[in-house]
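Here are the chains, one letter per residue:
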Amino acid sequence: MELCCLVEYLAIFMGIGLLGAAVSIFTKKKRDLNGKHVLITGGSSGIGLGVAHDVARRGASVTLVARNVANLEKALEDVRSTASKAGAGGKVQTFSADISGDPEKIASLVKDAESSQGPIYMLVNCAGFSRAMKFEDISPQLAKQMMDVNFMGSVIITQEVVRSMKQQQEGIIVFTSSLGGLLGIYGFTLYTAAKGALVKLAEALCQEVKPYNITVTVCYPPDTDTPGFEEENKTKPVETKLISESAGLFKADEVAHKLVEDALRGSFCSTTGFEGFMLTTLCAGMGPITDAASFLAQVFLTGLFRSISAFYLWSFDRIVYQEHQKRLASKKSE
Ligand SMILES: NC(=O)c1ccc[n+]([C@@H]2O[C@H](COP(=O)([O-])OP(=O)(O)OC[C@H]3O[C@@H](n4cnc5c(N)ncnc54)[C@H](OP(=O)(O)O)[C@@H]3O)[C@@H](O)[C@H]2O)c1
Ligand SMILES: *[C@@H]1O[C@H](CO)[C@@H](O)[C@H](O)[C@H]1NC(C)=O
Ligand SMILES: *[C@@H]1O[C@H](CO)[C@@H](O)[C@H](O)[C@H]1NC(C)=O
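Presented here is an overview of the structure given in this document. Source: prediction; values computed, not measured. (Residues numbered from 1 in each chain as written. Chains lettered and ligands numbered in written order. Predicted model: local features only at pLDDT ≥ 70, side-chain atom pairs only at ≥ 80, totals over all residues. Heavy atoms only, no water.)

### Things to note about the packing of helix 8 (residues 238-245) against helix 11 (residues 292-333)
What counts here: Helix axes are fitted only over the stretch in contact, all axes being lines through C-alpha atoms; the angle between N-to-C directions runs from 0 to 180 degrees. Strands here are runs of E lasting at least two residues and helices are runs of H or I lasting at least four, both read from the DSSP assignment and numbered beginning at the N terminus. For classification purposes, an angle smaller than 35 degrees is called roughly parallel, one larger than 145 roughly antiparallel, one from 65 to 115 roughly perpendicular, and anything else oblique. What makes a crossing left-handed is the near helix being turned counterclockwise from the far one by less than a right angle; a clockwise turn instead makes it right-handed. Contacts: residue pairs with any heavy atoms within 4.5 Å of one another. Gly falls in the polar group here, along with every residue not listed as nonpolar (Ala, Val, Leu, Ile, Met, Phe, Trp, Tyr, Cys, Pro) or charged (Asp, Glu, Lys, Arg).
Between helix 8 and helix 11, whose axes approach to 10 Å, the crossing angle comes to 155°. In terms of orientation, helix 8 lies roughly antiparallel with respect to helix 11. Between helix 8 and helix 11 the crossing geometry is right-handed. When helix 8 is examined against helix 11, the residues Val238, Glu239, Leu242 and Ile243 are found in contact with a partner set consisting of Phe316, Ile319, Val320, Glu323 and Arg327. Within the contact of helix 8 with helix 11, the residues separate by chemical class into six nonpolar, no polar and three charged.

Structure (C-alpha coordinates):
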(Lines give C-alpha, C1' and ligand atoms only; values in the text may rest on other atoms or scores of the structure.)
(Ligands and ions follow the chains in the order given, each with its own letter.)
Protein backbone atom coordinates (compact mmCIF):
# COMPACT_ATOMS: atom_id res chain seq x y z
CA MET A 1 0.00 0.00 0.00
CA GLU A 2 2.72 2.47 1.00
CA LEU A 3 4.98 1.40 -1.84
CA CYS A 4 2.05 1.84 -4.19
CA CYS A 5 1.59 5.42 -2.93
CA LEU A 6 5.25 6.17 -3.45
CA VAL A 7 5.13 4.92 -7.03
CA GLU A 8 2.06 7.06 -7.67
CA TYR A 9 3.75 10.12 -6.23
CA LEU A 10 6.81 9.47 -8.33
CA ALA A 11 4.73 9.05 -11.46
CA ILE A 12 2.83 12.29 -10.78
CA PHE A 13 6.05 14.10 -9.99
CA MET A 14 7.71 12.95 -13.21
CA GLY A 15 4.60 13.69 -15.22
CA ILE A 16 4.57 17.28 -13.96
CA GLY A 17 8.29 17.55 -14.68
CA LEU A 18 7.88 16.35 -18.26
CA LEU A 19 4.88 18.61 -18.85
CA GLY A 20 6.79 21.60 -17.46
CA ALA A 21 9.70 20.70 -19.68
CA ALA A 22 7.53 20.52 -22.79
CA VAL A 23 5.85 23.84 -21.98
CA SER A 24 9.14 25.61 -21.37
CA ILE A 25 10.63 24.26 -24.62
CA PHE A 26 7.82 25.79 -26.62
CA THR A 27 7.42 29.06 -24.75
CA LYS A 28 11.03 30.06 -24.21
CA LYS A 29 12.20 32.32 -26.96
CA LYS A 30 15.73 33.17 -27.87
CA ARG A 31 16.69 36.82 -27.39
CA ASP A 32 18.48 38.68 -30.15
CA LEU A 33 21.41 41.08 -30.24
CA ASN A 34 20.51 43.41 -33.06
CA GLY A 35 21.34 46.96 -31.96
CA LYS A 36 22.52 45.77 -28.55
CA HIS A 37 25.87 46.50 -26.88
CA VAL A 38 28.14 43.53 -26.05
CA LEU A 39 31.33 43.96 -24.00
CA ILE A 40 33.91 41.17 -24.26
CA THR A 41 36.96 40.93 -22.03
CA GLY A 42 39.73 39.00 -23.77
CA GLY A 43 38.04 39.97 -27.03
CA SER A 44 41.30 40.38 -28.97
CA SER A 45 42.17 36.69 -29.20
CA GLY A 46 40.89 33.11 -29.27
CA ILE A 47 37.41 32.37 -27.95
CA GLY A 48 36.72 36.02 -27.04
CA LEU A 49 37.58 37.15 -30.56
CA GLY A 50 35.32 34.39 -31.92
CA VAL A 51 32.48 35.76 -29.76
CA ALA A 52 33.18 39.27 -31.09
CA HIS A 53 32.81 38.14 -34.70
CA ASP A 54 29.68 36.15 -33.90
CA VAL A 55 27.84 38.98 -32.12
CA ALA A 56 28.96 41.55 -34.71
CA ARG A 57 27.34 39.40 -37.40
CA ARG A 58 24.12 39.52 -35.36
CA GLY A 59 24.10 43.31 -35.46
CA ALA A 60 25.49 44.04 -32.00
CA SER A 61 27.83 46.91 -31.18
CA VAL A 62 30.99 45.50 -29.66
CA THR A 63 33.47 46.65 -27.03
CA LEU A 64 36.72 44.68 -26.81
CA VAL A 65 38.84 44.80 -23.67
CA ALA A 66 42.39 43.39 -23.44
CA ARG A 67 45.88 44.68 -22.61
CA ASN A 68 47.93 44.51 -25.81
CA VAL A 69 47.09 47.54 -27.99
CA ALA A 70 48.41 46.14 -31.27
CA ASN A 71 46.27 42.99 -30.93
CA LEU A 72 43.25 45.16 -30.09
CA GLU A 73 43.80 47.29 -33.23
CA LYS A 74 44.01 44.18 -35.40
CA ALA A 75 40.88 42.69 -33.82
CA LEU A 76 39.03 46.00 -34.23
CA GLU A 77 39.62 45.98 -37.98
CA ASP A 78 38.73 42.30 -38.37
CA VAL A 79 35.50 42.58 -36.40
CA ARG A 80 34.51 45.76 -38.27
CA SER A 81 34.98 44.03 -41.58
CA THR A 82 32.94 41.02 -40.39
CA ALA A 83 30.11 43.38 -39.41
CA SER A 84 30.15 45.21 -42.72
CA LYS A 85 30.32 41.95 -44.71
CA ALA A 86 27.22 40.76 -42.84
CA GLY A 87 25.51 44.05 -43.59
CA ALA A 88 25.24 44.67 -39.84
CA GLY A 89 25.39 48.23 -38.56
CA GLY A 90 27.01 47.71 -35.16
CA LYS A 91 29.94 49.83 -34.00
CA VAL A 92 33.19 48.45 -32.61
CA GLN A 93 35.47 50.04 -30.01
CA THR A 94 38.39 48.86 -27.91
CA PHE A 95 39.83 49.62 -24.47
CA SER A 96 43.25 48.60 -23.29
CA ALA A 97 43.14 47.57 -19.63
CA ASP A 98 44.27 44.87 -17.24
CA ILE A 99 41.04 43.35 -15.87
CA SER A 100 42.87 42.32 -12.72
CA GLY A 101 44.08 45.87 -12.19
CA ASP A 102 42.72 48.98 -10.47
CA PRO A 103 38.94 48.63 -9.91
CA GLU A 104 38.46 52.38 -10.39
CA LYS A 105 39.99 52.16 -13.84
CA ILE A 106 37.61 49.31 -14.69
CA ALA A 107 34.66 51.36 -13.44
CA SER A 108 35.55 54.31 -15.63
CA LEU A 109 36.15 51.98 -18.58
CA VAL A 110 32.60 50.63 -18.25
CA LYS A 111 31.24 54.18 -18.00
CA ASP A 112 33.13 55.28 -21.11
CA ALA A 113 32.10 52.19 -23.06
CA GLU A 114 28.43 52.83 -22.21
CA SER A 115 28.50 56.54 -22.94
CA SER A 116 29.63 55.90 -26.52
CA GLN A 117 27.70 52.71 -27.37
CA GLY A 118 24.78 52.62 -24.93
CA PRO A 119 24.08 50.40 -21.92
CA ILE A 120 25.80 47.02 -21.96
CA TYR A 121 23.24 44.30 -22.71
CA MET A 122 25.65 41.37 -22.67
CA LEU A 123 28.93 40.99 -20.80
CA VAL A 124 31.22 38.15 -21.85
CA ASN A 125 34.06 37.53 -19.39
CA CYS A 126 36.57 35.72 -21.54
CA ALA A 127 39.95 37.09 -20.44
CA GLY A 128 41.92 34.42 -18.65
CA PHE A 129 44.98 32.23 -18.88
CA SER A 130 46.36 28.95 -17.68
CA ARG A 131 49.77 27.52 -16.92
CA ALA A 132 49.92 23.83 -16.24
CA MET A 133 52.59 22.75 -13.77
CA LYS A 134 53.06 20.72 -10.64
CA PHE A 135 51.45 22.29 -7.57
CA GLU A 136 54.64 22.85 -5.60
CA ASP A 137 56.35 24.47 -8.61
CA ILE A 138 53.79 27.28 -8.87
CA SER A 139 55.35 30.44 -7.42
CA PRO A 140 53.24 32.50 -5.01
CA GLN A 141 53.26 35.29 -7.64
CA LEU A 142 51.91 33.01 -10.36
CA ALA A 143 49.34 31.51 -7.98
CA LYS A 144 48.07 34.98 -7.14
CA GLN A 145 48.05 36.07 -10.78
CA MET A 146 46.07 32.99 -11.76
CA MET A 147 43.38 33.87 -9.20
CA ASP A 148 43.53 37.61 -9.93
CA VAL A 149 43.03 37.34 -13.68
CA ASN A 150 40.77 34.29 -13.93
CA PHE A 151 38.62 35.00 -10.87
CA MET A 152 38.88 38.58 -9.56
CA GLY A 153 39.17 39.92 -13.12
CA SER A 154 35.66 38.61 -13.82
CA VAL A 155 34.34 39.77 -10.43
CA ILE A 156 35.31 43.44 -10.67
CA ILE A 157 33.97 44.23 -14.12
CA THR A 158 30.83 42.15 -13.58
CA GLN A 159 29.98 44.11 -10.41
CA GLU A 160 30.23 47.32 -12.41
CA VAL A 161 28.09 46.03 -15.28
CA VAL A 162 25.46 44.42 -13.03
CA ARG A 163 24.66 47.84 -11.53
CA SER A 164 23.86 49.16 -14.96
CA MET A 165 21.97 46.03 -16.06
CA LYS A 166 19.74 46.19 -12.97
CA GLN A 167 18.69 49.69 -13.99
CA GLN A 168 17.95 48.52 -17.53
CA GLN A 169 16.01 45.50 -16.17
CA GLU A 170 17.64 43.25 -18.76
CA GLY A 171 20.96 41.68 -19.53
CA ILE A 172 23.12 38.62 -20.08
CA ILE A 173 26.28 37.79 -18.11
CA VAL A 174 28.69 35.12 -19.29
CA PHE A 175 31.60 33.69 -17.33
CA THR A 176 34.22 31.56 -19.04
CA SER A 177 35.19 28.67 -16.82
CA SER A 178 36.71 25.51 -18.29
CA LEU A 179 36.04 21.77 -18.30
CA GLY A 180 39.06 21.91 -15.98
CA GLY A 181 36.88 23.95 -13.60
CA LEU A 182 34.63 20.91 -13.16
CA LEU A 183 37.17 18.26 -12.26
CA GLY A 184 40.68 18.03 -10.95
CA ILE A 185 43.31 17.45 -13.62
CA TYR A 186 47.03 16.86 -13.02
CA GLY A 187 48.90 20.15 -13.41
CA PHE A 188 45.83 22.38 -13.07
CA THR A 189 45.57 22.79 -9.29
CA LEU A 190 45.42 26.60 -9.16
CA TYR A 191 43.66 26.91 -12.51
CA THR A 192 40.95 24.46 -11.44
CA ALA A 193 40.49 26.37 -8.18
CA ALA A 194 40.10 29.71 -10.00
CA LYS A 195 37.77 28.37 -12.71
CA GLY A 196 35.76 26.31 -10.21
CA ALA A 197 35.29 29.39 -8.02
CA LEU A 198 33.70 31.17 -11.00
CA VAL A 199 31.06 28.44 -11.25
CA LYS A 200 29.88 28.85 -7.65
CA LEU A 201 29.97 32.63 -8.00
CA ALA A 202 27.76 32.32 -11.09
CA GLU A 203 25.28 30.01 -9.32
CA ALA A 204 24.75 32.51 -6.51
CA LEU A 205 24.69 35.55 -8.78
CA CYS A 206 22.10 33.88 -11.00
CA GLN A 207 19.70 33.77 -8.05
CA GLU A 208 20.40 37.43 -7.17
CA VAL A 209 19.80 38.89 -10.60
CA LYS A 210 16.87 36.78 -11.76
CA PRO A 211 14.21 39.27 -10.56
CA TYR A 212 15.94 41.91 -12.68
CA ASN A 213 15.49 39.93 -15.89
CA ILE A 214 19.22 39.20 -16.09
CA THR A 215 20.48 35.74 -17.01
CA VAL A 216 23.82 34.12 -16.19
CA THR A 217 25.66 31.59 -18.34
CA VAL A 218 28.87 29.70 -17.63
CA CYS A 219 30.88 28.54 -20.63
CA TYR A 220 33.02 25.43 -20.17
CA PRO A 221 35.37 25.21 -23.16
CA PRO A 222 37.15 21.92 -23.84
CA ASP A 223 40.71 22.22 -25.24
CA THR A 224 40.32 24.89 -27.92
CA ASP A 225 42.82 25.82 -30.61
CA THR A 226 43.75 29.42 -29.67
CA PRO A 227 46.93 31.46 -29.13
CA GLY A 228 46.36 30.99 -25.38
CA PHE A 229 46.21 27.22 -25.79
CA GLU A 230 49.43 27.21 -27.82
CA GLU A 231 51.14 29.16 -25.06
CA GLU A 232 49.89 26.73 -22.39
CA ASN A 233 50.96 23.80 -24.56
CA LYS A 234 54.61 24.91 -24.45
CA THR A 235 55.12 24.09 -20.77
CA LYS A 236 52.41 21.51 -20.15
CA PRO A 237 53.46 18.37 -18.24
CA VAL A 238 52.98 15.26 -20.38
CA GLU A 239 50.37 13.94 -17.90
CA THR A 240 48.23 17.05 -18.37
CA LYS A 241 48.52 16.72 -22.14
CA LEU A 242 47.53 13.04 -22.20
CA ILE A 243 44.64 13.49 -19.78
CA SER A 244 43.08 16.55 -21.40
CA GLU A 245 43.60 15.15 -24.90
CA SER A 246 40.77 12.68 -24.30
CA ALA A 247 38.22 15.46 -24.87
CA GLY A 248 39.68 16.47 -28.27
CA LEU A 249 40.68 19.88 -29.65
CA PHE A 250 37.94 22.29 -30.78
CA LYS A 251 37.87 25.40 -32.96
CA ALA A 252 37.48 28.77 -31.23
CA ASP A 253 34.65 29.83 -33.55
CA GLU A 254 32.65 26.72 -32.74
CA VAL A 255 33.00 27.21 -28.97
CA ALA A 256 32.21 30.93 -29.36
CA HIS A 257 29.09 30.33 -31.46
CA LYS A 258 27.74 27.82 -28.94
CA LEU A 259 28.47 30.28 -26.11
CA VAL A 260 26.41 33.01 -27.79
CA GLU A 261 23.52 30.69 -28.67
CA ASP A 262 23.31 29.26 -25.14
CA ALA A 263 23.59 32.70 -23.54
CA LEU A 264 20.79 34.09 -25.73
CA ARG A 265 18.59 31.18 -24.62
CA GLY A 266 19.48 31.91 -21.00
CA SER A 267 20.94 28.44 -20.40
CA PHE A 268 23.16 28.26 -17.33
CA CYS A 269 25.66 25.92 -18.98
CA SER A 270 27.37 26.17 -22.34
CA THR A 271 29.77 23.58 -23.64
CA THR A 272 30.90 21.73 -26.76
CA GLY A 273 31.46 18.02 -27.42
CA PHE A 274 30.49 14.81 -25.62
CA GLU A 275 32.89 15.19 -22.68
CA GLY A 276 31.53 18.69 -22.13
CA PHE A 277 27.96 17.41 -22.14
CA MET A 278 28.82 14.56 -19.80
CA LEU A 279 30.73 16.73 -17.32
CA THR A 280 28.22 19.59 -17.16
CA THR A 281 25.40 17.07 -16.72
CA LEU A 282 27.27 15.15 -14.04
CA CYS A 283 28.37 18.28 -12.15
CA ALA A 284 25.00 20.10 -12.27
CA GLY A 285 24.47 19.55 -8.53
CA MET A 286 22.29 22.35 -7.12
CA GLY A 287 22.97 24.62 -10.09
CA PRO A 288 20.07 26.64 -11.51
CA ILE A 289 17.53 24.91 -13.75
CA THR A 290 17.26 27.05 -16.86
CA ASP A 291 16.21 24.75 -19.65
CA ALA A 292 14.22 21.58 -20.00
CA ALA A 293 16.62 19.55 -22.11
CA SER A 294 19.56 19.96 -19.70
CA PHE A 295 17.35 19.31 -16.69
CA LEU A 296 15.99 16.09 -18.16
CA ALA A 297 19.52 14.99 -19.07
CA GLN A 298 20.62 15.64 -15.47
CA VAL A 299 17.66 13.74 -14.02
CA PHE A 300 18.05 10.68 -16.22
CA LEU A 301 21.76 10.46 -17.09
CA THR A 302 23.63 11.37 -13.90
CA GLY A 303 23.89 7.75 -12.70
CA LEU A 304 25.06 6.51 -16.06
CA PHE A 305 27.62 9.29 -16.43
CA ARG A 306 28.97 8.71 -12.93
CA SER A 307 29.54 5.06 -13.94
CA ILE A 308 31.35 6.15 -17.10
CA SER A 309 33.46 8.57 -15.05
CA ALA A 310 35.02 5.58 -13.29
CA PHE A 311 36.63 4.51 -16.58
CA TYR A 312 37.95 8.01 -17.26
CA LEU A 313 39.32 8.38 -13.73
CA TRP A 314 40.93 4.95 -13.95
CA SER A 315 42.64 5.87 -17.23
CA PHE A 316 43.80 9.23 -15.81
CA ASP A 317 45.33 7.49 -12.79
CA ARG A 318 47.01 5.01 -15.12
CA ILE A 319 48.56 7.84 -17.16
CA VAL A 320 49.94 9.46 -14.01
CA TYR A 321 51.27 6.15 -12.71
CA GLN A 322 52.93 5.19 -16.01
CA GLU A 323 54.66 8.55 -16.38
CA HIS A 324 55.82 8.29 -12.78
CA GLN A 325 57.30 4.85 -13.49
CA LYS A 326 59.01 6.14 -16.64
CA ARG A 327 60.67 8.94 -14.66
CA LEU A 328 61.85 6.53 -11.97
CA ALA A 329 63.30 4.23 -14.64
CA SER A 330 65.13 7.02 -16.45
CA LYS A 331 66.61 8.26 -13.15
CA LYS A 332 67.94 4.76 -12.41
CA SER A 333 69.58 4.45 -15.82
CA GLU A 334 71.41 7.78 -15.43
N1 LIG B 1 41.75 27.57 -25.21
C2 LIG B 1 41.40 26.61 -24.37
O3 LIG B 1 41.73 25.45 -24.57
C4 LIG B 1 40.55 26.92 -23.17
C5 LIG B 1 39.98 25.85 -22.47
C6 LIG B 1 39.21 26.12 -21.35
C7 LIG B 1 39.00 27.43 -20.94
N8 LIG B 1 39.56 28.46 -21.62
C9 LIG B 1 39.32 29.82 -21.16
O10 LIG B 1 38.72 30.56 -22.20
C11 LIG B 1 39.15 31.92 -22.11
C12 LIG B 1 39.74 32.35 -23.43
O13 LIG B 1 40.82 31.51 -23.72
P14 LIG B 1 41.65 31.61 -25.07
O15 LIG B 1 42.36 30.33 -25.23
O16 LIG B 1 40.78 32.10 -26.15
O17 LIG B 1 42.73 32.72 -24.62
P18 LIG B 1 43.74 33.62 -25.48
O19 LIG B 1 43.77 33.24 -26.91
O20 LIG B 1 45.01 33.61 -24.71
O21 LIG B 1 43.08 35.05 -25.31
C22 LIG B 1 43.02 35.62 -24.05
C23 LIG B 1 42.46 37.01 -24.16
O24 LIG B 1 42.36 37.59 -22.85
C25 LIG B 1 43.13 38.79 -22.80
N26 LIG B 1 43.69 38.91 -21.46
C27 LIG B 1 44.47 38.02 -20.81
N28 LIG B 1 44.80 38.49 -19.59
C29 LIG B 1 44.20 39.69 -19.47
C30 LIG B 1 44.17 40.68 -18.45
N31 LIG B 1 44.85 40.51 -17.30
N32 LIG B 1 43.46 41.81 -18.66
C33 LIG B 1 42.80 41.98 -19.81
N34 LIG B 1 42.78 41.09 -20.81
C35 LIG B 1 43.48 39.96 -20.64
C36 LIG B 1 44.18 38.61 -23.88
O37 LIG B 1 44.69 39.84 -24.36
P38 LIG B 1 46.02 40.52 -23.72
O39 LIG B 1 47.00 39.43 -23.47
O40 LIG B 1 46.45 41.51 -24.75
O41 LIG B 1 45.56 41.18 -22.46
C42 LIG B 1 43.35 37.94 -24.97
O43 LIG B 1 42.54 38.87 -25.63
C44 LIG B 1 40.13 31.98 -20.94
O45 LIG B 1 39.46 32.42 -19.78
C46 LIG B 1 40.58 30.56 -20.80
O47 LIG B 1 40.99 30.27 -19.47
C48 LIG B 1 40.32 28.22 -22.74
C1 LIG C 1 13.48 40.98 -20.22
O2 LIG C 1 14.51 41.25 -21.16
C3 LIG C 1 14.15 40.97 -22.50
C4 LIG C 1 15.37 41.25 -23.35
O5 LIG C 1 16.49 40.60 -22.82
C6 LIG C 1 12.98 41.80 -22.94
O7 LIG C 1 12.59 41.45 -24.26
C8 LIG C 1 11.82 41.56 -21.99
O9 LIG C 1 10.78 42.45 -22.31
C10 LIG C 1 12.26 41.81 -20.56
N11 LIG C 1 11.17 41.42 -19.66
C12 LIG C 1 10.80 42.20 -18.66
C13 LIG C 1 9.69 41.65 -17.85
O14 LIG C 1 11.31 43.29 -18.42
C1 LIG D 1 51.55 20.98 -28.42
O2 LIG D 1 52.93 20.64 -28.26
C3 LIG D 1 53.33 19.43 -28.83
C4 LIG D 1 54.79 19.22 -28.55
O5 LIG D 1 55.03 19.20 -27.17
C6 LIG D 1 53.06 19.44 -30.35
O7 LIG D 1 53.36 18.17 -30.90
C8 LIG D 1 51.59 19.79 -30.61
O9 LIG D 1 51.38 19.92 -32.00
C10 LIG D 1 51.21 21.08 -29.90
N11 LIG D 1 49.80 21.33 -30.11
C12 LIG D 1 49.31 22.53 -30.39
C13 LIG D 1 47.85 22.60 -30.64
O14 LIG D 1 50.00 23.54 -30.45
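### Considering the packing of aromatic side chains
Filter applied, for reference: The criterion for an aromatic pair is that two Phe, Tyr or Trp rings (for Trp, the six-membered ring) have centres within 6.5 Å, with stacked assigned to planes under 30 degrees apart, edge-to-face to planes over 60 apart and tilted to the rest. We call a residue buried when its accessible area falls under 20% of the maximum for its residue type, exposed when it is over 50%, and partly exposed in between, using a 1.4 Å probe and counting protein chains only. In our convention, an over-ring charge means Lys NZ or Arg CZ found within 6 Å of a ring centre and within 35 degrees of that ring's normal.
As enumerated under the stated definition, the model contains four aromatic pairs in all. Ring centres of Phe274 and Phe305 lie 6.0 Å apart, and the angle between their planes is 90°; on these two criteria the pair is classed as edge-to-face. Here Phe305 lies in helix 11 and Phe274 lies in helix 10 (residues 273-282), a separation of 31 residues in the sequence. With a centroid separation of 5.8 Å and 85° between ring planes, the pair formed by Phe277 and Phe305 is classed as edge-to-face. Taken together, the residues Phe277 in helix 10 and Phe305 in helix 11 connect sequence positions 28 residues apart. For Phe305, a relative accessible area of 4% corresponds to the buried category. Taken together through their ring pairs, the aromatic side chains of Phe274, Phe277 and Phe305 make up a single cluster. Sitting above the plane of the Tyr121 ring, Lys36 keeps its charged end 4.2 Å from the centroid.

### Remarks on the site of ligand 1
Test applied: Proximity criterion: a residue is near a molecule or strand once any of its heavy atoms comes within 4 Å of it. The definition of a polar contact used here is a pair of N or O atoms within 3.5 Å, where within protein one atom must be able to donate a hydrogen and the other to accept one, and adjacent residues in sequence count solely through side-chain atom pairs. Method for areas: the Shrake-Rupley scheme with a 1.4 Å probe, in which residue coverage is limited to the protein chains shown.
Not every one of the 28 residues close to ligand 1 is listed here, only the nearest: Ser44, Ser45, Arg67, Thr224 and Thr226. The side chain of Ser44 places a nitrogen or oxygen atom 2.7 Å from an oxygen atom of ligand 1. One of the backbone N or O atoms of Ile47 is found 2.8 Å from an oxygen atom in ligand 1. Starting from 880 Å² of accessible surface for ligand 1 in isolation, the protein chains cover 90%. At the level of secondary structure, the elements contributing two or more residues to the shell around ligand 1 comprise helix 2 (46-57), helix 6 (189-209) and helix 7 (227-234). Here the shell around ligand 1 is composed, by residue class, of 12 nonpolar, 12 polar and four charged.

### Examining the nonpolar core
Condition: Throughout this description, the term nonpolar core refers to a set of buried Ala, Val, Leu, Ile, Met, Phe, Trp, Tyr and Cys residues connected via side-chain atoms within 4.5 Å.
By size, the foremost hydrophobic cluster in this structure holds 54 residues, and its most contacted members are Leu39, Val65, Val161, Met165, Ile173, Phe175 and Val216. Contributing elements (two or more residues each) for this core: helix 4 (103-117), strand 4 (120-125), helix 5 (140-168), strand 5 (171-176), helix 6, strand 6 (214-220), helix 10 and helix 11. Considering every element that reaches this core, the biggest residue donor is helix 5, with 11 residues.

### Quick word on the site of ligand 2
In the vicinity of ligand 2, the residues found are Arg31, Tyr121, Gln169, Glu170 and Asn213. The separation between an oxygen atom of ligand 2 and a polar side-chain atom of Tyr121 is 2.5 Å. Taking Asn213, its side chain carries an N or O atom lying 2.3 Å from an oxygen atom of ligand 2. The fraction of the free accessible surface of ligand 2 (360 Å²) that becomes covered by protein chains is 43%.

### Some thoughts on the packing of helix 2 against helix 3 (residues 69-85)
One can describe the packing of helix 2 onto helix 3 by two numbers: an axis separation of 8 Å at closest approach and a directional angle of 30°. Taken together, the axis directions place helix 2 and helix 3 in an arrangement best described as roughly parallel. Classified by chirality, the crossing of helix 3 by helix 2 is right-handed. Packed against helix 2, whose contacting residues are Leu49, Ala52, His53, Ala56 and Arg57, the element helix 3 presents Ala75, Asp78, Val79, Thr82 and Ala83 at the interface.

### Details of the state of the cysteines
As a reminder, the rule being used: In this description, a disulfide is simply a cysteine sulfur pair whose atoms lie within 2.5 Å.
Enumeration according to the criterion identifies zero disulfides in this entry. With no disulfide of its own, Cys126 lies 7.0 Å from the sulfur of Cys219, the closest cysteine sulfur.

### Points about the environment of Glu231
Note that Glu231 resides in helix 7. The exposure class assigned to Glu231 is partly exposed, which follows from its relative accessible area of 35%.

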